[in-house]
Amino acid sequence: MFLLQMCRMCSLHAGLSVEAQPRSFRVLAVQLTVILLLLTEARPGQSQGPGPAQTVTALVGEDVVLPCHLEPAADAVSSTVEWGRLDLEPRFVHVWHEGQNLLVNQNPVYTGRTSVSPEKLRTGDLSLQLSAVTHSDNGRYRCLFPSQRKTTTVQLVVGSVSSPVITKISRNSRGAVELDCESKGWYPEPELLWLDSEGNLLSAGPMETLRGPDDLYTVSSRLTVEKRHGNSFTCRVQKTHINQTRLTHIQLSAELFADASCSSASVGLIVVSLLGLVCAAAFVVWKRRQNQNRETKLQHQSAKTEQLLAENKENREQVINALMEQENQLQNLNHQLKHEMTEMEKICGNIEEKVQSVGKETDSDRVKRYLELKGIMLETKHQLKLRKAKHQQLVYETETLVTKTQTVIQGIKVGKKETKNNKEETSEDVKETEEPC
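Residues numbered from 1 in each chain as written. Predicted model: local features only at pLDDT ≥ 70, side-chain atom pairs only at ≥ 80, totals over all residues. Heavy atoms only, no water.

- In the nomenclature of an unreviewed UniProt entry, the protein chain is known as Butyrophilin subfamily 3 member A2-like of Mastacembelus armatus.
- If you open the UniProt record of the protein chain and go to Subcellular location (unreviewed entry), you find "Membrane".
- Under the UniProt heading Sequence similarities (unreviewed entry), the entry covering the protein chain gives this text: "Belongs to the SKINT family." (UniProt positions renumbered as here; feature names shortened; annotations may be inferred.)

Spelled out as structure tokens, the structure:
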């Protein structure tokens, strides 16, 4: 049925114009070739790869040849050869058809990187040349020769390697030397071994493996060695599957293998030194805090002194105001006393005149004047009582002024004494602060 349809297609193409026929036939030939390859793979009874696959290894970036040969040898230039990977879509890696490359359905991953040699095809060598391999090229490749139903399978392993590096050399508390070795960028996962100067395996710590986001492996291991092991050591990283080995050597000096006692003494010396540093740091911190406390106290005392000075100034102003007030009051008292003395002198003068006039008058006038004199005496007595009351009031006011003045003077003395004490304390604190730490 399928062949009948192909014949109909051929008859249709036969009716085309002369100019369109070459191109149409080429396209039809390509389509028929691809279809026949698909049918050849699907036909029952065909061989799908007898025997185990041959393994080919390469490193990233290298060119590799995937082998495939006809036995007995035959000319395959005019035949069809298909290289493919069944795990890809499309699966075609490279197709050779009747003397030319047929790369219409080639997987884009392999564009420009595959080729077969026409000269070798004449001798039955169907090998595929693959350039600049990457990790994505890892896989199982099939070489198919449809005309003889022959299939060859090749397993390609693309690896990555890097040289190991001694990342750390240290010594533990027992005086043994510890070596850390690391190697990055491996594929597939390798193994890391430690060897002595004679090539013997050494017992080391467990190998640590880390797989990065690029699927490359990093391996590392630690080796603890003592003086009896010798001074030469080798870190070797290998992967037998791709037949790759990388190594690095290290030669240790004898000074690294110190006795444990020396190590302990060194540790003790370090501890003592650290304690000394801690004590010195503690003393510096303590001294600094002392200075800070003194500065705080000094600032407090300075503020207190300023406050006392301000109070003393205020007290002085109060004393001045009180003395001025007393001066005014005393002037008033003086004025009042002068006024009263003048009035008393006038009264005494009037009495004297009246007494003298009484001596010149008659008896009847004397009685009359006696009565008047008695009235004057009574009035004088009354005036003296009033003057006495005023005098007592003046004495009271004077005593009050004296008391106020004494209070102000006592406050000034106390403030002066406190100011002097604060000044002495401030001077002592300043001397202590200026002393060197």
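1. Thoughts on the sheet that holds strand β13 (residues 208–211)
In step 1: Across the sheet, four strands lie side by side as β10-β11-β14-β13; this open sheet has antiparallel pairing. Strands at the two margins of the open sheet, each flanked by one partner only, are β10 (165–171) and β13. Strand-to-strand twist in this sheet, taken as the mean axis angle between neighbours without regard to direction, amounts to 15°.
In step 2: Sheet topology note: the strand β11 (residues 177–186)/strand β14 (residues 217–225) ladder contains eight bridges and is antiparallel. Note that in β14 the partner of leucine 179 across the bridge is leucine 223. (Pairing = 2+ DSSP bridges. Helix = DSSP H or I, 4+ residues; strand = E, 2+ residues; numbered from the N terminus. Axes fitted to C-alpha atoms, helices over the stretch in contact; angles between N-to-C directions.)

2. Here's the deal with the pairing of strand β8 (residues 139–145)
In step 1: For β8, the buried fraction is high: six of the seven residues fall into the buried class.
In step 2: Where strand β3 (residues 80–84) lies against β8, three bridges are found, and the strand directions are antiparallel. Looking at the pairing, glycine 84 lines up with arginine 142 of β8.
In step 3: By the bridge criterion, seven bridges tie β8 to strand β9 (residues 150–159) in an arrangement that is antiparallel. Opposite arginine 142, over in β9, you have threonine 153 as the bridge partner.
In step 4: Hairpin connection from β8 to β9: four residues lie between these consecutive antiparallel strands, with arginine 149 at a positive phi of about 55°. (Buried < 20%, exposed > 50% of the residue type's maximum accessible area, 1.4 Å probe, protein only.)

3. Looking at the nonpolar core
In step 1: Leu66, Trp83, Leu121, Leu126, Tyr141 and Leu156 are the most contacted members of the largest nonpolar core, which totals 25 residues.
In step 2: Only β1 (54–59), β2 (64–66), β3, β4 (92–97), β7 (128–130), β8 and β9 provide two or more residues apiece to this core.
In step 3: Apart from the residues within four sequence positions on either side, leucine 126 is in contact with Cys68, Leu70, Ala76, Val81, Trp83, Val116, Leu121, Cys143 and Phe145.
In step 4: Counting residues in hydrophobic clusters, the runner-up holds 16 residues, among them Leu192, Leu202, Val225 and Ile250. (Core = buried A, V, L, I, M, F, W, Y, C linked by side-chain atoms within 4.5 Å. Contact = heavy atoms within 4.5 Å.)

4. What about the state of the cysteines?
In step 1: With the rule as written, the count across this model stands at two disulfides.
In step 2: A sulfur-sulfur separation of 2.1 Å characterises the disulfide bridge that pairs cysteine 68 with cysteine 143. Where cysteine 68 bonds to cysteine 143 through sulfur, the torsion about that S-S bond is close to -80°, and the disulfide is left-handed. Of this pair, cysteine 68 sits in the loop between β2 and β3 while cysteine 143 sits in strand β8, placing them 75 residues apart in sequence. (Disulfide = S-S within 2.5 Å.)

5. Points about unusual backbone geometry
In step 1: Along the chain, glutamate 71 connects to proline 72 via a cis peptide bond; the corresponding omega equals 0°.
In step 2: Here proline 72 lies in the loop between β2 and β3.
In step 3: The omega torsion across tyrosine 187 and proline 188 is -5°, close enough to zero to call that bond cis.
In step 4: The backbone of glutamate 98 sits at a positive phi, close to 50°, despite the residue not being glycine.
In step 5: By secondary structure assignment, the location of glutamate 98 is in the loop between β4 and β5 (100–101).
In step 6: The backbone of arginine 149 shows a phi angle near 55°, a positive value even though the residue is not glycine.
In step 7: The exposure class of arginine 149 is partly exposed, given its relative accessible area of 40%.

6. So, the sheet that holds β3
In step 1: One open sheet accounts for six strands, arranged β1-β9-β8-β3-β4-β5; its pairing is mixed. The strands lining the two open edges of the sheet, one partner per strand, are β1 and β5.
In step 2: Where β4 lies against β5, two bridges are found, and the strand directions are antiparallel. Across the sheet, the residue bridging to tryptophan 96 is asparagine 101, located in β5.

7. Thoughts on the confidence of the model for the protein chain
In step 1: On average, residues of the protein chain score 78 in pLDDT, and 79% of them are at 70 or above.
In step 2: In this model, residues 1–30 is a region of pLDDT below 50 whose contacts with residues beyond four sequence positions or in other chains number 14 contacts. (pLDDT = per-residue confidence, 0-100.)

8. With respect to empty space enclosed by the protein
In step 1: Enumeration over the complete set of coordinates arrives at two cavities of 30 Å³ or more.
In step 2: Together, Cys68, His69, Leu70, Leu126, Cys143, Phe145, Lys150, Thr151 and Thr152 line the second largest cavity.
In step 3: Within the residue set of the lining of the second largest cavity, elements represented by two or more residues are β8 and β9.
In step 4: Examining the composition of the lining of the second largest cavity, we find that three residues originate from one element, β9, more than from any other. (1 Å grid on protein atoms, 1.4 Å probe; cavity = no way out; pocket = protein on both sides within 12 Å on 5 of 7 lines; lining within 4 Å. Points joined across faces, edges and corners; volume = space filled by probe spheres on them.)

9. Quick notes on a negative patch on the surface
In step 1: On the surface, Glu311, Glu314, Glu317 and Glu418 cluster together into a patch of negative charge.
In step 2: Among the elements that line the negative patch, the one with the most residues is helix α4 (residues 260–360), at three residues.
In step 3: Of note, glutamate 311 is situated in helix α4.
In step 4: For glutamate 311, a relative accessible area of 33% puts it in the partly exposed group. (Patch = residues over 30% accessible without salt bridge, like charges linked within 9 Å, V, L, I, M, F, W, Y side chains within 5 Å. Areas by Shrake-Rupley, 256 points an atom, 1.4 Å probe, with all protein chains shown as cover. Salt bridge = Lys/Arg side-chain N within 4 Å of Asp/Glu carboxyl O. Lys, Arg positive; Asp, Glu negative; His and termini not counted. Charge placed at Lys NZ, Arg CZ, Asp CG, Glu CD.)

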